[in-house]
Amino acid sequence: MAARDVKHVVVYGANRVGSAIGWLTRWPVTREALVLHTSGERPLLLVNFYNHVPNAERIATEADVRWAGENAIETATDELRRRGAAGGRIGTIGPLDHRGHAALSSLGQPVDMNGDYTRLRLVKSDEEIAWVRVAARMTDDAVRALHRHAAPGVSELELSNTVERAYVARGGRTHIHYLGATSMSEPGLCVPAQYPTTRALAAGDALVCEISASYWDYTGQLLRTFAVAAEPAPLYRELHQVADAAFDAIVGRLRAGASAADLVKASGLIEDAGFTIRDDLVHGFVGGYLPPVLGTRSRRLTPVPDFTFVTGMTVVVQPNVVTLDETAGVQTGALLLVTEAGADPLHAYQRGLLDAPAAS
């Protein structure tokens, strides 16, 4: 705020989106919420719906909490005007829509601070890492439950239910559970799907997953592939051998001082083996889908950024090795903590192309 000559910041979230609000107040956004932060003053959290205010008051103990009124941005601008913000620079963080931006423009000069916020979230405090470890254990348990129940006849929808039962009773929530299955002999899927189907598993399937349990907006991420009630097909065995080798090569270079280019270079063995990827290779995580977001030399959506890793970053390494025609693919990977000595794994679940049971 000082660097941008900003005395007031409006932080916005709606429909469970807006990680900065939870970071500043602990309130996980429900319908709509705004935080007004003025230098030297206690933060104000505006919450909609009215019946959500009592819970927000119990959770956001370091902020004043009020109902956001019938028009949240109008309530916010009235308060900013009372605080003397008229005619000045007003920082904004979060997915503020055009109506919100127009309202702030009528009061002062909005200043986009989303990039500043993202940079703040790249490095985690020791307290944050402790919360991430809770989420990582929940995620491990979710993948363990998936592994145990991935038997012929069980549908993807039933597996999604199994995943959630592993952590919901312990205070965890679902960030994502992406999964998908296809026959290893006649494959037609190379990457986990965002929405499960009613398709039932069959012997000889490959099941790929990307699972993230969340503990108060602190999140794990674990990716695995299972061979269902059958020996892995030769193609899948080869794909996974390359994925494991790529994971080890990338993690071997991931430490404070490493560059994004170092990690992309380490992934070159994927193309050397005649394969490519569909999913991102590496990305920052926890507090958002964070930089750097990297691909490989054959799947580069954007230029490799000039980015250097530092201690305290949390990063997902996830080589999703697929055939060039994208009919078959495997997924492996995990969330890691960057340190001076290297990458500290935050997950403990077994690696490899795993065998799923013949019967539940």
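> I would appreciate a short explanation of the overall build of the protein in the present structure.
Scanning the protein from N- to C-terminus turns up 10 helices and 18 strands. Taking 360 residues into account, the globule formula puts the C-alpha radius of gyration at 21 Å, and the protein, at 23 Å, falls close to it. For the protein, the spread of C-alpha atoms along the three principal axes comes to 70 × 45 × 35 Å. Within the protein, the proportion of its 360 residues that are buried is 54%. Within the protein, counting contacts between residues at least 6 apart in sequence, those at least 24 apart form 64% of the total. The average position of the 34 basic charges and that of the 40 acidic charges among the side chains of the protein differ by 4 Å.

> What's the story with the nonpolar core in this structure? I'm lost.
Generally speaking, a soluble globular protein has its nonpolar side chains buried in company with each other. Counting 37 residues, the largest nonpolar core has F309 and V317 as its most contacted members. Broken down by secondary-structure element, the contributors of at least two residues to this core are α8 (234-253), α9 (260-266), β13 (289-294), β14 (314-317) and β16 (333-338). Here this core takes 8 residues from α8, the largest share from any one element. Residues in contact with F309, not counting those within four places in the same chain, are L254, R255, A256, G257, A258, S259, A260, L263, P292, V315 and V338.

> Help me understand the sheet that holds strand β3 (residues 44-48) in this model?
In a beta sheet, neighbouring strands are held together by backbone hydrogen bonds and run either parallel or antiparallel to one another. The strand order across the open sheet formed by 6 strands is β4-β3-β2-β1-β5-β6, and the pairing between neighbours is mixed. Only two strands of the sheet have a single partner each, and these edge strands are β4 (64-67) and β6 (109-112). The sheet shows a mean angle of 25° between the axes of neighbouring strands, direction not considered. Of the pairings in the sheet, the one linking strand β2 (residues 32-38) to β3 comprises 5 bridges and is antiparallel in character. Looking at β3, one finds that A33 is bridged to V47. Helix α3 (residues 72-82) rests against β1 (8-14), β2, β3, β4 and β5 (89-93) of the sheet, and its axis sits at about 10° to β2.

> Where do I start with the pattern of salt bridges in this structure?
Pairing between side chains of opposite charge can happen when the charged atoms of each approach one another. Tallying each qualifying case throughout the model produces 22 salt bridges. A salt bridge links D64 to R42, with the nearest nitrogen and oxygen atoms 2.8 Å apart. Residue D64 is located in strand β4, and its partner R42 is located in the loop between β2 and β3; the two are separated by 22 residues in the primary sequence. On the basis of relative accessible area, R42 is assigned to the partly exposed category, the value being 40%.

> Before we go on, may I ask you to explain the packing of helix α6 (residues 126-149) against helix α7 (residues 156-165) in this structure?
Any two packed helices are characterised by how steeply their axes cross, that is the angle between the axes, and by the distance between the axes. At a minimum axis separation of 8 Å, α6 and α7 run at an interaxial angle of 140°. Classed by the angle they form, the pair α6 and α7 counts as oblique. Taken as a pair, α6 and α7 cross one another with a handedness that is right-handed. Residues A142, A145, L146 and H149 of α6 lie in contact with α7, whose contacting residues are L159, T162 and V163. Considering only residue class, the contact of α6 with α7 consists of 5 nonpolar, 2 polar and no charged.

> Would you mind going over helix α4 (residues 98-107) with me for this structure?
Because each turn of an α-helix spans 3.6 residues, side chains separated by three or four positions end up pointing in the same direction. Buried within α4 we find G100, L104 and L107. The buried residues of α4 occupy an angular sector of 50° when projected down its axis, which confines them to one face. Away from its buried face by more than 90 degrees, α4 exposes H98, R99 and S106. In this structure, the buried side of α4 is in contact with β1, α3, β5 and β6. Where α4 begins, one side-chain oxygen reaches toward the backbone nitrogen of R99, 3.2 Å away; that side chain belongs to D97.

> Can you walk me through the environment of A356 in this structure?
Tracing the sequence through the fold places A356 in strand β18 (residues 353-356). Residue classification places A356 among the buried positions, given a relative accessible area of 8%. With residues near it in sequence (within four places) discarded, A356 still touches H147, A150, F226, A227, V228 and A229.

> What should I look at first to understand the layout of surface pockets in this one?
Leftover empty space is mapped by rolling, across the atoms, a probe with the size of a water molecule. Approximately 500 Å³ is the volume found for the largest pocket. Of all the secondary structure elements, the ones that give two or more residues to the lining of the largest pocket are α1 (19-25) and β7 (173-183). Top contributing element to the lining of the largest pocket by residue count: β7, with 3 residues. Residues belonging to the lining of the largest pocket are distributed by class as follows: 7 nonpolar, 10 polar and 3 charged.

> What am I meant to see in the environment of S160 here?
Mapping S160 onto the fold places it in helix α7. In sequence terms S160 and G69 are 91 residues apart; their C-alpha atoms lie 37 Å from each other. Ignoring any residue separated from it by four or fewer positions in sequence, one finds S160 in contact with H177, L179 and P196.

> Hey, could you run me through the environment of K7 in this one?
With respect to the helices, strands and loops of the structure, K7 is situated in the segment before β1. According to the relative accessible area criterion, K7 is exposed, its value standing at 58%. As a C-alpha pair, K7 and S39 span 32 residues in sequence and 5.7 Å in three-dimensional space.

> So what exactly am I meant to see when it comes to the pairing of β5 here?
Along any regular strand the residues' side chains alternate between the sheet's two faces. Taken across its 5 residues, β5 has 4 buried, putting it largely inside the fold. Pairing geometry for β1 and β5, over 4 bridges, is parallel. Following the sheet pairing, V11 is matched in β5 by I93. Note that β5 and β6 share 4 bridges and pair parallel.

What counts, and where the lines are drawn
Per-chain numbering applies: the sequence of each chain, read as written, is numbered from 1 onward. Whole-chain, interface and lining totals are the exception, using all residues; otherwise, since this is a predicted model, local features are given only for residues with pLDDT of at least 70 and side-chain atom pairs are given and counted only at 80 or more. The basis for every side-chain value is the complete set of non-hydrogen atoms in the structure, without hydrogens or water. Going along the chain from the N terminus, every DSSP run of H or I of four or more residues is numbered as a helix, and every run of E of two or more is numbered as a strand. Each radius of gyration is computed over the set of C-alpha atoms, and the globule rule expresses the reference value as 2.2 Å times the number of residues to the power 0.38. Only protein chains enter the accessibility calculation, which uses a 1.4 Å probe; a residue whose area is less than 20% of its type maximum is buried, one above 50% is exposed, and one in between is partly exposed. The contact rule is simple, with two residues in contact once any of their heavy atoms fall within 4.5 Å. A positive count includes Lys and Arg, and a negative count includes Asp and Glu. His and the chain ends are not counted in either. One atom stands in for each charge, and that atom is NZ of Lys, CZ of Arg, CG of Asp or CD of Glu. To form a nonpolar core, buried Ala, Val, Leu, Ile, Met, Phe, Trp, Tyr and Cys residues must be joined to one another through side-chain atoms within 4.5 Å. The rule for pairing is simple: two strands pair if DSSP sees at least two bridges between them. In this analysis, axes come from line fits to C-alpha atoms, helices being fitted only over the stretch in contact, and the angle between any two N-to-C directions falls in the range 0 to 180 degrees. Between Lys or Arg on one side and Asp or Glu on the other, a salt bridge is scored when a side-chain nitrogen of the former is within 4 Å of a carboxyl oxygen of the latter. Note on angle classes: values under 35 degrees are labelled roughly parallel, values over 145 roughly antiparallel, values of 65 to 115 roughly perpendicular, and the remainder oblique. For a crossing to be left-handed, the near helix must be turned anticlockwise from the far one by less than a right angle; the clockwise case is right-handed. Just so you know the grouping, Ala, Val, Leu, Ile, Met, Phe, Trp, Tyr, Cys and Pro go in nonpolar, Asp, Glu, Lys and Arg go in charged, and all remaining residues, Gly too, go in polar. For this quantity, the arc is that covered by the directions from the helix axis to the C-beta atoms. Pairs of N or O atoms within 3.5 Å make up the polar contacts considered here, provided that, within protein, one atom can donate a hydrogen while the other can accept it, and that residues adjacent in sequence are counted only when both atoms are side-chain atoms. Two kinds of site are reported from a 1 Å grid over the protein atoms alone, namely cavities, where a 1.4 Å probe fits but cannot get out, and pockets, open sets with protein on both sides within 12 Å along at least five of seven lines, and residues are called lining when an atom falls within 4 Å of a point. Grid points are joined across faces, edges and corners, and a volume is the space filled by probe spheres set on the points.

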